[in-house]
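Per-entry structural report
Here is how the chains run, residue by residue.
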Amino acid sequence: MCLVADLCILLSLNKIRFILLQNRQGKTRLAKYYVPLEDSEKHKLEYEVHRLVVNRDPKFTNFVEFRTHKVIYRRYAGLFFSMCVDITDNELAYLESIHLFVEILDHFFSNVCELDLVFNFHKVYLILDEFILAGELQETSKKAIIERMNELERQE
């Protein structure tokens, strides 16, 4: 439990600029921006981030400088989960938060796949909003997020 509390403390002072889920072909499956950007700038960012992470050698670290920020990414099967954060933020804490988000998705969808994200995008955004709110980590308990999502499922 100490690791989760430490993760929450580390990330509470920092801000996530955006989160992207993209497949290997560059199709964006989820995009959440926590800073105001024009649509043209969003598409440009998505294209640049995809080019950056898909062409990167797997032997390199999962963090890379991007403009005046840092992109932390992780590949799961055919999907790239990417977060853009401030240059001074803790990379390992955000890498761990990406993993926690994937674990939550995997638990909620019972072995999540890309099609789950496509056909249940509204649920994925709900999970993301339970996890990250306004660019800051809101909840780090997988159990609490799953319980809230199950409660919403029962109400439908």
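This one's a predicted model, so the numbers in the text were calculated from it and none came from an experiment.

This brings us to the overall build of the protein chain. Along the protein chain, the regular secondary structure elements total six helices and seven strands. When its helices and strands are written in sequence order, the protein chain yields α-β-β-α-β-β-β-α-α-α-β-β-α. Relative to the 2.2 N^0.38 estimate, which gives 15 Å for 156 residues, the radius of gyration of the protein chain is 15 Å and therefore close to what a compact globule would have. Its C-alpha atoms put the protein chain at 40 × 35 × 35 Å along the principal axes. Across the 156 residues of the protein chain, 42% fall into the buried class. The long-range share in the protein chain, meaning contacts at least 24 apart out of those at least 6 apart in sequence, stands at 49%. For the protein chain, the accessible area works out to roughly 8800 Å², and carbon and sulfur atoms hold 53% of it.

Time to look at the UniProt feature "domain: AP complex mu/sigma subunit" (unreviewed entry) in the protein chain. If you check UniProt for "domain: AP complex mu/sigma subunit" (unreviewed entry), the listed places come out as residues 16-155 in our numbering. Secondary structure content for residues 16-155 is 47% helix and 27% strand, while the C-alpha to C-alpha distance between its ends is 31 Å.

Next up on the list: the pairing of strand E1 (residues 16-23). Burial runs high along E1: seven of the eight residues are buried. Sheet topology note: the E1/strand E2 (residues 28-33) ladder contains five bridges and is antiparallel. Its bridge partner being in E2, Ile-19 is matched across the sheet by Lys-32. Taking the residues that link successive antiparallel strands as the turn, the E1-E2 hairpin has four residues, and the phi of Gly-26 there is positive, at about 100°.

Turning our attention to the packing of helix H3 (residues 91-109) against helix H6 (residues 142-155). Running from N to C, H3 and H6 cross one another at 40°; their axes reach a closest spacing of 10 Å. Considering their axes alone, H3 and H6 lie oblique with respect to each other. Along this stretch, H3 crosses H6, giving a crossing that reads as right-handed. Across the interface between the two elements, Leu-100, Glu-103, Ile-104, His-107 and Phe-108 from H3 touch Lys-142, Ile-145, Ile-146, Met-149, Asn-150 and Glu-153 from H6.

To continue, consider the nonpolar core. Ile-19, Phe-81, Phe-101, Ile-127 and Ile-132 are the most contacted members of the largest nonpolar core, which totals 31 residues. Contributing elements (two or more residues each) for this core: E1, strand E4 (69-76), strand E5 (79-86), H3, helix H5 (121-131) and H6. The dominant element in this core, judged by the number of residues it contributes, is H3, at ten residues. Ignoring sequence-local partners within four residues, the contact set of Ile-127 consists of Phe-101, Ile-104, Leu-105, Phe-108, Phe-109, Ile-145 and Met-149. Counting twelve residues, the second-largest nonpolar core is a separate cluster that includes Leu-20, Val-64, Val-71 and Cys-84.

In this model, helix H2 (residues 39-54) (16 residues) spans 22 Å end to end at C-alpha, consistent with the 22 Å of a helix rising 1.5 Å per residue. Three or more residues of H2 are buried, namely Leu-45, Glu-46, Val-49, His-50 and Val-53. Each buried residue of H2 lies within a common arc of 130° when the element is viewed along its axis, so the set occupies one face. More than 90 degrees from the buried face of H2, the exposed residues found are Ser-40, His-43 and Tyr-47. For H2, the elements touching its buried residues are E1, E2, strand E3 (63-66), E4 and E5.

About the thresholds
- Residues numbered from 1 in each chain as written.
- Predicted model: local features only at pLDDT ≥ 70, side-chain atom pairs only at ≥ 80, totals over all residues.
- Heavy atoms only, no water.
- Helix = DSSP H or I, 4+ residues; strand = E, 2+ residues; numbered from the N terminus.
- Rg over C-alpha atoms; globule rule 2.2 N^0.38 Å.
- Buried < 20%, exposed > 50% of the residue type's maximum accessible area, 1.4 Å probe, protein only.
- Contact = heavy atoms within 4.5 Å.
- Areas by Shrake-Rupley, 256 points an atom, 1.4 Å probe, with all protein chains shown as cover.
- UniProt positions renumbered as here; feature names shortened; annotations may be inferred.
- Pairing = 2+ DSSP bridges.
- Axes fitted to C-alpha atoms, helices over the stretch in contact; angles between N-to-C directions.
- Parallel < 35°, antiparallel > 145°, perpendicular 65-115°, else oblique.
- Left-handed = near helix turned anticlockwise from the far one by under 90°.
- Core = buried A, V, L, I, M, F, W, Y, C linked by side-chain atoms within 4.5 Å.
- Expected span 1.5 Å × (residues − 1).
- Arc of directions from axis to C-beta.

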